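The residues making up each chain are set out below.
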Amino acid sequence: MLKEKIEKDFKEALLKRDEREISTLRMLKAAILEQEKEKRYKKSQEKGTEIDLEKEVLLSDEEITKIILREIKKRKEAILEFERGKRKDLVEKEAQEIEILKRYLPEMLSEEEIEKMAKEIIKKVGAKDVKDMGKVMKEIMPKIQGKADPSLVSQIVKNLLKAN
């Protein structure tokens with residue numbers, strides 16, 4: 001399971017005293033823990049029972065992958081801001097963190113694979129122009145979840161629909 005791999009790598013980073021990896025994985029573990037707490041709270045609300053803080057609520061690998069993608073997105077946004085502020089040191093730090101986080105993602109789809117999948121879905125839903133983008137995205141996103149950057153998928157779909 002992905003969570004165990006992250007925990008194991010965190011312990012190894014502690015032994016190696018790799019500060020960048022330690023801080024990145026610590027942040028990731030905190031984000032996972034926060035999501036588990038939220039999931040536990042929602043479950044307790046559904047059942048109408050008191051919150052049992054000791055009760056274990058595990059996240060699936062897909063849920064952890066979503067967290068990782070969200071953290072990568074935050075870093076990409078930060079890089080843009082740091083580049084505007086001409087802070088090369090912080091750009092480098094964020095880029096290193098992205099590389100550490102990418103290790104825990106499943107193998108990503110290539111642009112060609114995304115394009116092929118998008119073409120099939122466009123044909124399937126009968127999308128004619130950019131106005132139909134929502135229909136296409138609704139179909140494609142569950143299939144590529146965690147395997148491709150959503151903004152890249154959106155751009156590919158938009159370009160294909162413009163070409164129609």
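Residues numbered from 1 in each chain as written. Predicted model: local features only at pLDDT ≥ 70, side-chain atom pairs only at ≥ 80, totals over all residues. Heavy atoms only, no water.

## Some thoughts on the overall build of the chain
- Counting secondary structure elements, the chain contains 7 helices and 0 strands.
- Reading the chain from its N end, one meets helices and strands in the order α-α-α-α-α-α-α.
- The C-alpha atoms of the chain give 19 Å as radius of gyration, which overshoots the globular expectation for 164 residues (15 Å, by more than 25%).
- With respect to the principal axes defined by its C-alpha atoms, the chain has extents near 55 × 50 × 30 Å.
- Relative to its full complement of 164 residues, the chain shows a buried share of 34%.
- Here the contacts in the chain between residues at least 6 apart in sequence split such that 60% fall between residues at least 24 apart.
- Summed over all atoms, the accessible surface of the chain reaches about 11,000 Å², with 52% contributed by carbon and sulfur.
- The distance from the centre of the 41 positive side-chain charges to the centre of the 37 negative ones in the chain is 3 Å. (Helix = DSSP H or I, 4+ residues; strand = E, 2+ residues; numbered from the N terminus. Rg over C-alpha atoms; globule rule 2.2 N^0.38 Å. Buried < 20%, exposed > 50% of the residue type's maximum accessible area, 1.4 Å probe, protein only. Contact = heavy atoms within 4.5 Å. Areas by Shrake-Rupley, 256 points an atom, 1.4 Å probe, with all protein chains shown as cover. Lys, Arg positive; Asp, Glu negative; His and termini not counted. Charge placed at Lys NZ, Arg CZ, Asp CG, Glu CD.)

## Concerning the nonpolar core
- One finds Ile6, Leu25, Leu28, Ile32, Ile64 and Ile68 to be the most contacted residues of the largest nonpolar core, which totals 23 residues.
- Once residues lying within four places of it in the same chain are set aside, the contact partners of Leu25 are Ile6, Asp9, Phe10, Ile100 and Tyr104.
- Core analysis: the next-biggest nonpolar cluster, separate from the first, contains 17 residues, Ile114, Ala118, Met137 and Leu161 among them. (Core = buried A, V, L, I, M, F, W, Y, C linked by side-chain atoms within 4.5 Å.)

## Some details on helix 5 (residues 111-125)
- For helix 5, which comprises 15 residues, the first-to-last C-alpha distance of 21 Å matches the rise-based estimate of 21 Å (1.5 Å per residue) to within 8%.
- Every buried residue belonging to helix 5 is among Ile114, Ala118, Ile121 and Ile122, and all of these are buried. Buried residues in helix 5, looked at end-on, bunch into an arc of 105°, giving them a common side. For helix 5, exposure combined with an orientation more than 90 degrees from the buried face picks out Glu112, Lys116, Lys123 and Lys124.
- Buried-residue contacts for helix 5 involve helix 6 (133-144) and helix 7 (150-163). (Expected span 1.5 Å × (residues − 1). Arc of directions from axis to C-beta.)

## Some details on the environment of Glu12
- Tracing the backbone shows Glu12 in helix 1 (residues 2-16).
- Take Glu12: its relative accessible area is 35%, and that puts it in the partly exposed class.

## Points about helix 1
- The end-to-end C-alpha separation of helix 1 is 21 Å, in line with the 21 Å expected for 15 residues at 1.5 Å each.
- Among the residues of helix 1, those classed as buried are Leu2, Ile6, Asp9, Phe10 and Ala13. Seen along its axis, helix 1 keeps its buried residues to an arc of 110°; they face one direction. Across from the buried face of helix 1, at angles greater than 90 degrees, the exposed residues are Lys11 and Leu15.
- Directly after helix 1, the chain includes Arg17, whose backbone phi takes a positive value near 60°.

Such coordinate-based values are descriptive only and should not be taken to indicate function.
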